Amino acid sequence: MKSSCEQPVSSNYKGSIDSLDRVPGSICSEPGPSESKLSRTSLWSGFLVPAFSIFETYSESKGCEKKECSTRSYGWTAAVKRVMNISSMRRIHERVLGLNKTGIASSTSDIWLLGVCYKIYQEGSSVDPVHTDGFFAFVEDFSSRILMTYRKGFAAIGDSRYTSDVNWGCMLRSSQMLVAQALLLHRFGRSWKKPLHKPLDQDYIEILHLFGDSESSAFSIHNLLQAGQAYALAPGSWVGPYAMCRTWESLARCKVEETEPENQSLPMVIYVVSTDEDGERGGAPVVCVEDVFRSGFEFSRGQVNWTPVLLLVPLVLGLDKVNPRYIPLLGSTFTFPQSLGILGGRPGASTYIVGVQDDKAFYLDPHEVHPVVDIRRDNMDADTSSYHCNILRHISLYSIDPSLAIGFYCRNKGDFDDFCLRASKLADQSNGAPLFTVTETRNSARSASQQDTLSDGDGANKEDDLPKTATQEEDEWQLL
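Residues numbered from 1 in each chain as written. Predicted model: local features only at pLDDT ≥ 70, side-chain atom pairs only at ≥ 80, totals over all residues. Heavy atoms only, no water.

1. Comments concerning the overall build of the protein
- Across its full length, the protein carries 12 helices and 15 strands.
- Buried residues in the protein amount to 50% of all 480 residues.
- When contacts within the protein are restricted to residue pairs at least 6 apart in sequence, long-range pairs at least 24 apart make up 73% of them.
- A total of about 22,900 Å² of accessible surface is found on the protein, and carbon and sulfur atoms cover 50% of it. (Helix = DSSP H or I, 4+ residues; strand = E, 2+ residues; numbered from the N terminus. Buried < 20%, exposed > 50% of the residue type's maximum accessible area, 1.4 Å probe, protein only. Contact = heavy atoms within 4.5 Å. Areas by Shrake-Rupley, 256 points an atom, 1.4 Å probe, with all protein chains shown as cover.)

2. Some points on the pattern of salt bridges
- Under the counting rule described, the total for this entry stands at 15 salt bridges.
- Where R376 meets D378, a salt bridge forms, and the shortest distance between an N and an O atom there is 3.4 Å.
- Here R422 ties to D418 by a salt bridge, and the two come within 2.8 Å at their closest N and O atoms. On the criterion of helical spacing, the pair formed by R422 and D418 is a turn pair, its members being 4 residues apart in helix α10 (residues 413-428).
- Overall, the relative accessible area of 31% leaves R422 in the partly exposed class. (Salt bridge = Lys/Arg side-chain N within 4 Å of Asp/Glu carboxyl O.)

3. So, α10
- In this model, α10 (16 residues) spans 22 Å end to end at C-alpha, consistent with the 22 Å of a helix rising 1.5 Å per residue.
- Within α10, the full set of buried residues consists of F416, F419, C420, A423, L426 and A427. With its buried residues spanning 130 degrees around the axis, α10 presents them on a single face.
- Of the residues that open α10, the one with a side-chain oxygen 3.3 Å from the backbone nitrogen of G414 is N412. (Expected span 1.5 Å × (residues − 1). Arc of directions from axis to C-beta. Polar contact = N/O pair within 3.5 Å; in protein donor to acceptor, adjacent residues only side chain to side chain.)

4. Considerations on the nonpolar core
- The biggest cluster of nonpolar side chains holds 69 residues, and the ones touching the most others in it are F138, F211, F219, W248 and L310.
- The element contributing the most residues to this core is helix α4 (residues 170-188), with 10 residues.
- If sequence neighbours within four positions are ignored, F219 has contacts with Q176, L183, L210, F211, L224, W248, L251, S265 and L266.
- Judged by nonpolar contacts, the second largest core, of 42 residues, contains W306, I353, I395 and I406. (Core = buried A, V, L, I, M, F, W, Y, C linked by side-chain atoms within 4.5 Å.)

5. Structural notes on unusual backbone geometry
- Following K198, the chain continues to P199 via a peptide bond in cis, the omega torsion being 5 degrees.
- Secondary-structure assignment places P199 in the loop between α4 and α5 (202-210).
- Despite not being glycine, A232 has its phi angle at roughly 70 degrees, a positive value.
- Located in the positive-phi region is D358, a residue other than glycine, with phi close to 55 degrees.

As far as function goes, none of this settles anything; it's purely spatial.
Here it is as structure tokens:
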């Protein structure tokens, strides 16, 4: 009988940086006392066989010449180094990302994954939550999201010598995942699940091709770095969420100028939500309905009244950690049908957060290294296993970097109106500290801001003369 760490999921996922304490193709939850020994034994047997298979090459012959003995010794040394290197990488990865190994079974709360609710507990039922239909449906949905990871062996980026983005491209990869999810929503709808049989769907292959690692792929790391030069993007350098959002905006604008509307690689306008002064004076970002419609009209060159929109909301929600007042609000954004998740993680280690349960955040991790894969548009039998993950990882929302970006996709005007309604209700529940707000026009936003200032009267000036407490300083909200 398999432990909870060894429950199979339909996927061809081949290994990961988690290989030391998770079985590939599994859902990881904390094993119970009776299961720990079984899962650990099966795991190490699976890991040690391939890692030390090199020993078998030299164990058949007892007699060897001096040269052969040296080769044998090198085999042992190389194998031990391999084990130590993988172990070290794993420990560093856990330390940086703060991986949480606590099982989902410890909570019976609903799981929200990009606007879809999965109930893993039925009142009065004695079934373990991880064995319910709701949980398996959640895992199927999770493993269907497109995964972008570090790649090695691609053509050099521009004039640089970089042929891999290992150790610096995690924010770029996280953003690719979010945009890929927007394209999945646009082409297939939210109910889409990854194909289990070949030939694969043409639209699915085309989406993967867009994110290939070459200049010929529209949304490759090569083209993102080119488009982001104005925001200090460069090979080998880490980038923050705000610069990443603006980079996607610039790249999309370039594609619009180069291509007719009906042939756009990204058939939606990208709208970066910011404050009235683009973040220079702080304050909650504002979704201006008038601006969104104008952007869509310009995108279509006046051919249609509405264009699908990808909303990106870059935020800074604290100093060295997220202010706790924002945690419930962040979790609530995953209940929006328009949710595209969050670009976030620990400092210096970006991930793509796709779901929440209580204060746990489920994420896709770009910090795995795969060889470059050439997904051609006409290859319906392509190996896409490295573009999906069936290993659940989660961290606490309280542990994520306060610098992050939230994404939403609105297909039509009705979808956008629903988003605005939900966003306005969420702002009303924020006790004066919303993630972002919604306004019809920029003028109305300025008027509201000025009215708030006037209503404070002289009292505001008196408060400015008073020393601020540590709590007040931490509560100040500012857009990066």
